[in-house]
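Examination of the molecular architecture
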Amino acid sequence: MASHGREKKAKPQRRKKKNKDGLITSQDTTDDDGVLRDMELPDDWTVAASSVGSSNFGLDDDDLLPEDIDENNVEEVNRSIAAAAARASKLADALSIATTITSEKRATKREGGYRVLFKSITQYATSNEGTEILESKWDVVLEACLYTLQGKGNSTPAEQYAACRVLEASSVVLGEDRDDIAEKLNGPLKKIINATGRVAQVRSAALRCLAMVHFICGTNCLEEGEDATAVLTLCEKVSAESYRGETVSPILRATALDCWALLGTTFSDAFIAAGDSDEDYNLGQGLQLLPLLAECLDSTDQSLRRSAGECVSLIHECRLNLGMDEEEAANRTERAYRRGSWDGSEWEVLMDEVKQRIAELSVESGHHMSKKDKKEQRSTFRDFMSTIVDDESPEEIVNWRGGKVKLNSWQEIIKLNFVRHCLQGGFQVQLMTNETLQAIFGAVFDGSGMPLNQLEKRMYMSKTSEAAKAADKAMTKQRRTRTNVKNHFLTADGEDI
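**Concerning the overall build of the protein chain**
Counting its regular elements, the protein chain contains 21 helices and seven strands. Going through the 497 residues of the protein chain one by one, you find that 47% of them count as buried. Here the protein chain displays about 26300 Å² of accessible surface, and carbon together with sulfur accounts for 47% of that area.

Put into structure tokens, the structure is as follows:
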């Protein structure tokens, strides 16, 4: 058909729109590397739960644990063996997805593939057999993840985030003394962290992955500039208000402080908290960070305040562990002490201000925060205050069927929280089977880890069991007592309490 001399109108630029996952996307705006820059992720975005299902690749979402198998009431040992074989089979099937990701054209399906990989690695890669299966497919998984992180195939931020989480979980399963993994991931992950045009959640996931790789896999044999000390320095720079000429997102700053705290647990107390003034030789890294942490405690972002408080608690704990011997302390007049303290140091005034600020945050109230956020902040900062103000050690116990972990320091709690965030739903099964994690946390086993049969489940785990009824009665009594305390002013004798 003739055009009658009329010129064809230019196609208007596509506007941003939200997809079914609530992500703001625009397929027409890319950077020089072909990576979409203007796609935003929610602050609470995670790889473990989303509307993007794993059914795209033909795998269901059922967790295959020993108690889920009950075929003709076979013996407990046989059930455990059958469950382990089933997990190994599902892990092998899931890892085969990695070979198809680089050739898949649809972004949603690629992201779904990473979600399947993440779940399979964290929940099915158990015991030595699971580690061996992942090791045999590691090169394929690494190639797929780096393909996405480099922005090939117009990868979306959601895919890049998921790829970082897959690499992070894989480092935990593959175990310690793997400098080769750290060397392969150092360059690509640092490139993403330094790319100020990338989405903050993607940069945060890359930084978490880098910290976990050096925490689990790295050793002291790495070259200078590629070791954990270099990553610690990078975390200090990223946690500042601005980095590489750009304002840093509070999400990324909080993540950088979390990573700094994790890597700080791998160094000596003196490396973190030694020194009394800026003129001291080998001044502790934590002391140099204190002014920044005090500034972060005044931030309006709750996660940034929490991360800063955790770092201060770690530094204070390291400082307390630097106490001198009694003979040495006797020669120190006004600064005589057995345990380390801030008295007489250059940071004494700053620490007094930090203590006051943490005490304020432990009782903060107001309409600018939700009820849930206020409750969480008060609980968290009360724990910080007990260490920083009262010099008390924290305590936390993690129980699972057949064992437990008892934590008595901020170093151990920081490690636990970071690993728990990494593994998410696979945390307990990894803690039960991963020898590296058991060595890190000092897991204690009581020999009662055999799975329960159906009758025992109904007796001990059902909502109608005696234990559940006793717990319900205790909770009812607590609610009644709490209500009576609130209404105490209505009674004259107080017999209602």
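**Focus on the side chain of serine 120**
Relative to the elements of secondary structure, serine 120 occurs in helix α3 (residues 107–123). Looking at serine 120, the relative accessible area reads 3%, which means it is buried. In this view, serine 120 contacts Leu91, Ala94 and Ala125; residues no more than four positions away in its chain are not counted.

**Things to note about helix α9 (residues 228–238)**
Along α9, the residues that are buried comprise Ala228, Val231, Leu232, Leu234, Cys235, Glu236 and Val238. For α9, the secondary structure elements touched by its buried residues are α7 (179–194), α8 (200–216), β3 (242–243), α10 (250–264), α11 (269–273) and α12 (285–297).

**Focus: the nonpolar core**
Residues Tyr114, Leu207, Val238, Trp260, Leu290, Leu293 and Ile315 are the most contacted members of the largest nonpolar core, which totals 119 residues. Aside from chain neighbours lying at most four places away, what touches leucine 293 is Leu257, Ala308, Cys311, Val312 and Ile315.

**Topic: the pattern of salt bridges**
In this structure the tally under the stated criterion is twelve salt bridges. For arginine 115, the salt bridge goes to glutamate 111, with nearest N and O atoms at 2.8 Å. Pair noted here: arginine 115 and glutamate 111 are both in helix α3, with a separation of four residues, about one helical turn. The pair formed by arginine 115 and glutamate 111 is uniform in burial state, with each residue classed as buried. Two residues, aspartate 180 and arginine 178, come together in a salt bridge whose shortest N-O distance is 3.0 Å. The exposure class of aspartate 180 is partly exposed, given its relative accessible area of 31%. Several salt bridges share partner residues, and in doing so they unite Arg208, Asp258, Arg306 and Glu310 into one network.

**Overview of the packing of helix α13 (residues 302–320) against helix α17 (residues 410–423)**
The N-to-C vectors of α13 and α17 enclose an angle of 145 degrees; their axes lie 9 Å apart at closest approach. Only Trp410, Gln411, Ile414 and Asn417 of α17 make contact with α13, whose side of the interface consists of Glu310, Ser313, Leu314, Glu317 and Cys318. Its residues assigned to classes, the contact of α13 with α17 comprises four nonpolar, three polar and two charged.

**Let's talk about the sheet that holds strand β5 (residues 396–400)**
What the three strands build is an open sheet, ordered β5-β6-β7; its pairing is antiparallel. The strands lining the two open edges of the sheet, one partner per strand, are β5 and β7 (444–445). In the packing of α17 onto the sheet, the strands contacted are β5 and β6 (403–407), and the crossing angle to β5 comes to about 45 degrees.

**A few points about α10**
Residues that lie three or four places apart on an α-helix share one face, since the helix turns once every 3.6 residues. When the terminal C-alpha atoms of α10 are compared, their 21 Å separation across 15 residues agrees well with the 21 Å that a helix rising 1.5 Å per residue should span. Taken across its 15 residues, α10 has 13 buried, putting it largely inside the fold.

**Considering the side chain of glutamate 236**
In this fold, glutamate 236 is placed in helix α9. Among buried Asp, Glu, Lys and Arg side chains, glutamate 236 stands out as unpaired, with lysine 237 the closest opposite charge at 8.2 Å. In terms of polar contacts, glutamate 236 uses its side chain to reach the side chain of glutamine 285, at 2.9 Å. Every residue in contact with glutamate 236, bar those within four places of it in the chain, is listed here: Trp260, Gln285, Leu289 and Leu292.

**What to know about the packing of aromatic side chains**
As enumerated under the stated definition, the model contains three aromatic pairs in all. A centroid spacing of 4.4 Å and a plane angle of 15 degrees characterise the contact between phenylalanine 267 and phenylalanine 271, whose relative ring orientation is stacked. Since its relative accessible area comes to 28%, phenylalanine 271 is described here as partly exposed. Between phenylalanine 381 and phenylalanine 384, the ring centres sit 5.2 Å apart and the planes meet at 85 degrees, which makes this aromatic pair edge-to-face.

**Some thoughts on a positive patch on the surface**
A surface patch of positive charge is lined by Lys371, Lys375, Arg479, Arg482 and Lys486. Among the elements that make up the positive patch, the one with the highest residue count is helix α21 (residues 466–486) (three residues). Overall, lysine 371 belongs to the exposed group, its relative accessible area being 74%.

**A look at the packing of helix α5 (residues 138–149) against α7**
Packing of α5 against α7 leaves a shortest axis separation of 11 Å and a crossing angle of 15 degrees. One finds that α5 runs roughly parallel with respect to α7. Here the hand of the crossing between α5 and α7 comes out left-handed. Between α5 and α7, the residues in contact are Trp138, Asp139, Leu142, Leu146 and Leu149 and Ile181, Lys184, Leu185, Pro188, Leu189 and Ile192, respectively.

**Looking at the state of the cysteines**
Counted according to the given criterion, the structure contains zero disulfides. Cysteine 164 takes part in no disulfide bond, and the closest cysteine sulfur, belonging to cysteine 209, lies 5.9 Å away. In this structure cysteine 259 is a free cysteine whose sulfur lies 4.9 Å from that of cysteine 235, the closest cysteine sulfur available. Taking relative accessible area as the criterion, cysteine 259 reaches 0% and is therefore assigned buried.

**Some points on the environment of tyrosine 243**
Mapped onto the fold, tyrosine 243 is located in strand β3. Under the relative-accessibility criterion, tyrosine 243 is labelled buried at 12%. Once the C-alpha coordinates of tyrosine 243 and threonine 196 are considered, the two residues, 47 residues apart in sequence, prove to be 8.3 Å apart. Setting aside residues no more than four positions away along its own chain, tyrosine 243 makes contact with Ile193, Asn194, Thr196, Arg203, Leu234, Lys237, Val238 and Val248. A polar contact of 2.5 Å, which involves the side chain of tyrosine 243, links it to the side chain of asparagine 194.

Reading the values: rules and limits
Residues numbered from 1 in each chain as written. Predicted model: local features only at pLDDT ≥ 70, side-chain atom pairs only at ≥ 80, totals over all residues. Heavy atoms only, no water. Helix = DSSP H or I, 4+ residues; strand = E, 2+ residues; numbered from the N terminus. Buried < 20%, exposed > 50% of the residue type's maximum accessible area, 1.4 Å probe, protein only. Areas by Shrake-Rupley, 256 points an atom, 1.4 Å probe, with all protein chains shown as cover. Contact = heavy atoms within 4.5 Å. Core = buried A, V, L, I, M, F, W, Y, C linked by side-chain atoms within 4.5 Å. Salt bridge = Lys/Arg side-chain N within 4 Å of Asp/Glu carboxyl O. Axes fitted to C-alpha atoms, helices over the stretch in contact; angles between N-to-C directions. Nonpolar A, V, L, I, M, F, W, Y, C, P; charged D, E, K, R; others polar. Pairing = 2+ DSSP bridges. Expected span 1.5 Å × (residues − 1). Lys, Arg positive; Asp, Glu negative; His and termini not counted. Polar contact = N/O pair within 3.5 Å; in protein donor to acceptor, adjacent residues only side chain to side chain. Phe/Tyr/Trp six-rings, centres within 6.5 Å; stacked < 30°, edge-to-face > 60°. Patch = residues over 30% accessible without salt bridge, like charges linked within 9 Å, V, L, I, M, F, W, Y side chains within 5 Å. Charge placed at Lys NZ, Arg CZ, Asp CG, Glu CD. Parallel < 35°, antiparallel > 145°, perpendicular 65-115°, else oblique. Left-handed = near helix turned anticlockwise from the far one by under 90°. Disulfide = S-S within 2.5 Å.

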